[in-house]
Amino acid sequence: MYQANLDGAIVQCVHMPRVNMEGATFKGCTMDTMMGIHTNLEGANLKGAMFDNSQMNGVNLRLASLKGASLRSCNLRYAIMAGTDLENSDLLGSDLQHANLRGANIKGTNLQDVVI
C-alpha cells in the first residue's frame, strides 16, 4: 500500500499490523479504532485525519504530517515521531511512553492527560 490514497475514507476497526504505507495520503480520513502496530507511515499525509482509540504501538510516523489530526486515547508507545508535524493536533489521553518526538512540531497540540 506504498503511497496509497485514502483521502476522506471512513474505515472502522481496520487491522494493519506491519503494513508499509510510506508516503500514503489520508487527508480527512476517519480510521476509528485502527490496529496499526509497527505500521510504516513515514512521510504520510494525515492532515485532519481521525485515528481516535487506535492501537499504534511502534508505528513509524517519522516526517509525517498530522496537522489538525485527532489521535485521542491512542496507544502510541514506542512510536517514531521524529520530525512529525503535530501542529494543532489532538492527543488527549494518548499513551506516548518511549515515543521518539525529537524535532516534532507540537505547536498548539492538545497534550491534556497524555502519558509520557
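Look a little higher up for the structure.
Counting restarts for each chain: residues are numbered from 1 in the order of the written sequence. Local features are withheld for residues below a pLDDT of 70 in this predicted model, meaning they are given only at 70 or higher, and side-chain atom pairs are given and counted only at 80 or more; totals for whole chains, interfaces and linings count all residues. Working from all heavy atoms in the structure, the side-chain values ignore hydrogens and water.

Caption draft 1: Layout of the pattern of salt bridges. We define a salt bridge as a side-chain nitrogen of Lys or Arg found within 4 Å of a carboxyl oxygen belonging to Asp or Glu. Here the structure, examined in full by the defined rule, presents 4 salt bridges. Among the salt bridges present, the one from Lys67 reaches Glu87, with a minimum N-O distance of 3.8 Å. With Lys67 in the segment after strand S2 (30-32) and Glu87 in the segment after S2, this pair connects stretches of sequence that are 20 residues apart. Strands here mean DSSP runs of E at least two residues long; helices mean DSSP runs of H or I at least four residues long; both are numbered from the N terminus.

Caption draft 2: Expanded view of the nonpolar core. Counting 31 residues, the largest nonpolar core has Phe26, Leu46 and Phe51 as its most contacted members. Other than its neighbours up to four places away in sequence, Leu46 contacts Phe26, Phe51, Leu61, Ala64, Ser65, Leu66 and Ala69. Take the buried residues of types Ala, Val, Leu, Ile, Met, Phe, Trp, Tyr and Cys, join any two whose side-chain atoms come within 4.5 Å, and each joined set is a nonpolar core. Under the scheme applied here, a residue whose accessible area is under 20% of the maximum for its type counts as buried, over 50% as exposed, and between as partly exposed, the area being computed with a 1.4 Å probe on protein chains only. Working rule for contacts: check all heavy atoms of both residues, and any pair within 4.5 Å makes them a contact.

Caption draft 3: How the structure looks around the environment of Ala104. Note that Ala104 resides in the segment after S2. In sequence terms Ala104 and Ser65 are 39 residues apart; their C-alpha atoms lie 10.0 Å from each other. Residues in contact with Ala104, not counting those within four places in the same chain, are Met81, Gly83, Thr84 and Leu86.

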